[in-house]
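Chain residues, written in single-letter form:
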Amino acid sequence: MTEPAAVEVASLTKRFAALTAVDGLSFSVARGEIFGLVGPDGAGKTTVMRMLAGVMRPDAGTVILDGVDVVSDPELAKRHLSYMPQRFGLYEDLTVDENIRFYADLFGIARGLREERAKRLLAASGMEPFRGRLAGKLSGGMKQKLGLTCSLIHAPKAVLLDEPTTGVDPVSRRDFWRILYSLLGEGVTIVIATAYLDEAERCHRLALLDRGRLIQCDTPAALKQKMPGALVAIASPDPRRVRSALEDEPGVQTVVLVGDGVHLVVDDAGRIAELERRLADQGVPYEHIARVTPSVEDLFAALLGRKAEDG
Amino acid sequence: MNALRLRAIARKEVLQVWRDPRSLMIVLLMPIMQMLMLGYGVNLDLKHIPICTYDREGSQHSEALLKGFAASEYFDVVKVATDYAAVTAAIDGGTCRMAVVVPQDFSERLTDTGASSVQAILDASDDNSATIAAGYAQAVIDQFEQNVQIWFAGNHGQSMAPPPPISLESRVWFNEDLESRNFIIPGVVAVVMALVGAQLSSLTISREWERGTMELLVSTPVTPMEVMLGKLAPYFVIGLLDAVLCLVMAVLWFAVPFRGTLLTLFATTSLFLVAVLGIGYLISVAIRSQIGASQIALLVTMLPTALLSGYAFPIDQMPAPIQWVTYLVHARYYVTILKAVFLKGVGMTALLEPILGLILYAVIVAFLAARAFRKRLD
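Residues numbered from 1 in each chain as written. Chains lettered and ligands numbered in written order. Predicted model: local features only at pLDDT ≥ 70, side-chain atom pairs only at ≥ 80, totals over all residues. Heavy atoms only, no water.

### Considerations on the layout of surface pockets
Residues and elements named next belong to chain B.
- Here the largest pocket is characterised by a volume of approximately 450 Å³.
- Taken together, 20 residues make up the lining of the largest pocket; nearest its centre are Asp 316, Val 335, Thr 336, Lys 339 and Lys 344.
- Counting residues per element, the lining of the largest pocket draws most heavily on helix α14 (residues 330-344), which supplies seven residues.
- When the residues that make up the lining of the largest pocket are grouped by side-chain class, the tally is 11 nonpolar, four polar and five charged. (1 Å grid on protein atoms, 1.4 Å probe; cavity = no way out; pocket = protein on both sides within 12 Å on 5 of 7 lines; lining within 4 Å. Points joined across faces, edges and corners; volume = space filled by probe spheres on them. Helix = DSSP H or I, 4+ residues; strand = E, 2+ residues; numbered from the N terminus. Nonpolar A, V, L, I, M, F, W, Y, C, P; charged D, E, K, R; others polar.)

Spelled out as structure tokens, the structure:
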């Protein structure tokens, strides 16, 4: 690990009037790593991505991208990075090919190279048949895959993706991730902001952000180890009643409603028997109760929930 | 500056204009419509004023006088009244702008004293038109007077020198053979170009913001200068095409004589376009919605060019402080140039002053525009 980090962020801070959107953030990303920025809406993910991409100036702190200081020389950094904003940023009134050509030209990619890369990228995402179609007429998933194609046409060293798979169908998401993984072999560094925690689990390392601050930064597995107490899943036809019955029980730290029931964080797995008794006393219907392995989502809820209690 | 990136921006802009019906409409229909509206709408010639006549005498002379009104192209006799009530009704109801009443003793006094009078009742709610109509009425009466004098001379067997030609002061600017159109149309070309040019370029940057394409664009290595030149180059060509369209309409449709050279026209039009497009671009950088930018562009160009460019309202007749303000209006220089090129046929050396003014204007606007756009989101 003597190689310098591909992305080095130190004390990054950005204020909007009274709001501090990003507050003294520091992390580093190794070459060939997929690094995830995870957090609820308003955590500052987009602001961080914009500062990494050199399109927004931080109030304090530094961003070094492959040895280039993004804050002091954003134009130099832009030649070797690619940024995919949250909102679809391509021209809907241009065709797939025209969009690709536009971005290739802006990065000075010669025609032959452009054709070769476009062909490979479009084939990987199943977009070959749509090259003549207007971008505005593509489905949500195809738009994002076109966005990825355009942002990879100049073979960047670092790829910054801001919630790239929001509103994308599962098949396109799978294509998307397959393309991302294939980049890692070429030594490309990927920073991805995501609200999907199942996607977060695919990252090598995660930074958990809350209100502009870094809460935790580690591999998904290590983060789960750090989770205090035990996670208990209760399947129930009436999750709200389960929540109100248990949220004030001793040892219960957080209660989160999930699709078909409730996830609880308790200080000790031994409390399950107490919880069962409590539900029976109150006559709350439930089908199943068991300790489960936490997902990143649970972890996040546990960490943020406890923080809220502390505050 | 990188030629490949410049070309990429220009090419993209052309594709977008070509595929956007609204832009195409601004490019082609707006100049034609504005040329027609301003060309016909602003017309200082007043003709076919509806009038009412009331002949209280019914003599040979009174009829001859009223025939003079009926024959004049300035007046249309739309009502022949038989009492004062009808005259009042015609003026009050707005069907007539003027009533000519011949008194009962018209011929008698004419024969006896050689002088008589006719009453003209004018609707002065539009006092400018009323003054003009009174001037025309005086002209018709003067004409009649001459005929009467000639007739008297013939009758009395006296030889008489032909009376001097009638020259009313007002006739200098209500001329008969559409000269005001010749005077106005070249200026209309300038006004239309200012409006259309600013409209087009006001959409360039605001469109990127509105459609969400700006964030990606500023993350590429493209420079602000490449963005500006790449975006404005197609509109410069479109502006020149629109200029050709307007000028052809001026010459072929409005039959304004063109006496200058195409070189002078092309050179000065290019300069004017730089100023016009630059202003639209500045607005586009400042305002991030297309509709907002186009409204502001309309506001900023419409009133100053229409009122202060001197295209219809002569600058030297304005109060001194307003005259100074006109130097800030780009169309002022171009209007002066176009009028001279069209009507006087003078070359560039004779137009040194307005050309220098336009150059200075274009340089300042280009300088500001080049610095306006920043590749940042905050």
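So much for the structure itself; the text now carries on.
### Focus on the packing of aromatic side chains
All names here are of chain B.
- By the definition in use, this model includes 15 aromatic pairs over all chains.
- Consider the rings of Tyr 54 and Tyr 84, whose centres lie 5.3 Å apart with planes at 85 degrees: the pair is edge-to-face. One end of the pair, Tyr 54, is in strand β1 (residues 49-55); the other, Tyr 84, is in helix α4 (residues 84-92), and 30 residues separate them in sequence.
- Overall, Tyr 54 belongs to the buried group, its relative accessible area being 10%.
- Using a relative accessible area of 33% as the deciding quantity, one classes Tyr 84 as partly exposed.
- An aromatic cluster is built from Phe 69, Tyr 74, Phe 75 and Tyr 136, whose rings are joined through pairwise contacts. (Phe/Tyr/Trp six-rings, centres within 6.5 Å; stacked < 30°, edge-to-face > 60°. Buried < 20%, exposed > 50% of the residue type's maximum accessible area, 1.4 Å probe, protein only.)

### A look at the sheet that holds strand β11 (residues 230-235) of chain A
Residue and element names in this part refer to chain A.
- Spatial ordering of the open sheet is given by β12-β13-β11-β14, a layout of four strands whose pairing is antiparallel. The sheet is open, and its two borders are formed by β12 (252-258) and β14 (288-292), each paired with just one other strand. With direction set aside, neighbouring strand axes in the sheet form an average angle of 20 degrees.
- As paired elements, β11 and β14 share five bridges and run antiparallel to each other. Opposite Ala 233, over in β14, you have Ala 290 as the bridge partner. (Pairing = 2+ DSSP bridges. Axes fitted to C-alpha atoms, helices over the stretch in contact; angles between N-to-C directions.)

### Things to note about unusual backbone geometry
Residue and element names in this part refer to chain A.
- Here Ala 155, not a glycine, exhibits a phi torsion of approximately 45 degrees, which is positive.
- Mapped onto the fold, Ala 155 is located in the loop between α5 (140-152) and β7 (158-162).
- Accessibility expressed as a relative area gives 45% for Ala 155, which makes it partly exposed.
- Its identity is not glycine, yet Glu 163 carries a phi of approximately 40 degrees, on the positive side.
- Judged by its relative accessible area of 8%, Glu 163 falls in the buried class.

### Considerations on the confidence of the model for chain B
- Mean pLDDT for chain B: 85, with 90% of residues reaching 70 or above.
- Low confidence marks residues 160-178 of chain B, where pLDDT is under 50. Its contacts with residues over four positions away, or in another chain, come to 25 contacts. (pLDDT = per-residue confidence, 0-100. Contact = heavy atoms within 4.5 Å.)

### Quick notes on helix α3 (residues 60-71) of chain B
All names here are of chain B.
- For α3, spanning 12 residues, the distance from its first C-alpha to its last is 16 Å, which sits close to the expected 16 Å at 1.5 Å a residue.
- The set of residues buried in α3 consists of His 61, Ser 62, Leu 65, Leu 66 and Phe 69. The buried residues of α3 occupy an angular sector of 130 degrees when projected down its axis, which confines them to one face. For α3, the exposed residues lying more than 90 degrees away from the buried face are Gln 60, Lys 67, Ala 70 and Ala 71.
- If you check the start of α3, you find a side-chain oxygen 3.4 Å away from the backbone N of His 61, and it comes from Ser 59. (Expected span 1.5 Å × (residues − 1). Arc of directions from axis to C-beta. Polar contact = N/O pair within 3.5 Å; in protein donor to acceptor, adjacent residues only side chain to side chain.)

### What to know about the packing of helix α1 (residues 3-19) of chain B against helix α2 (residues 21-41) of chain B
All names here are of chain B.
- Where α1 meets α2, the axes come as close as 5 Å, and the angle between the chain directions of the two elements is 90 degrees. It follows that α1 is roughly perpendicular to α2 by the angle criterion. On α2, the residues touching Val 17, Trp 18 and Arg 19 of α1 are Pro 21, Ser 23, Leu 24 and Val 27.
- For the contact of α1 with α2, the per-class residue count stands at five nonpolar, one polar and one charged. (Parallel < 35°, antiparallel > 145°, perpendicular 65-115°, else oblique.)

### What to know about the interface of chain A and chain B
- On the chain B side, the residues contacting the 27 residues of chain A number 28 residues.
- For the chain A and chain B pair, buried surface summed over both sides reaches about 2700 Å², with 57% attributable to carbon and sulfur atoms.
- Here chain A and chain B share four salt bridges between them.
- Note that B:Lys375 is salt-bridged to A:Glu75, the shortest N-O span being 2.5 Å.
- At the junction of chain A and chain B, the tally comes to 12 residue pairs in polar contact (both at pLDDT 80 or more).
- For the side of chain A that touches chain B, the elements supplying multiple residues, two or more each, are α2 (74-78) and α3 (96-106) of chain A.
- Broken down by element, the residue count for the side of chain A that touches chain B peaks at six residues, all from α3(A).
- For the side of chain A that touches chain B, the class distribution of residues is 13 nonpolar, three polar and 11 charged. (Buried area = accessible area lost by both parts, 1.4 Å probe. Salt bridge = Lys/Arg side-chain N within 4 Å of Asp/Glu carboxyl O.)

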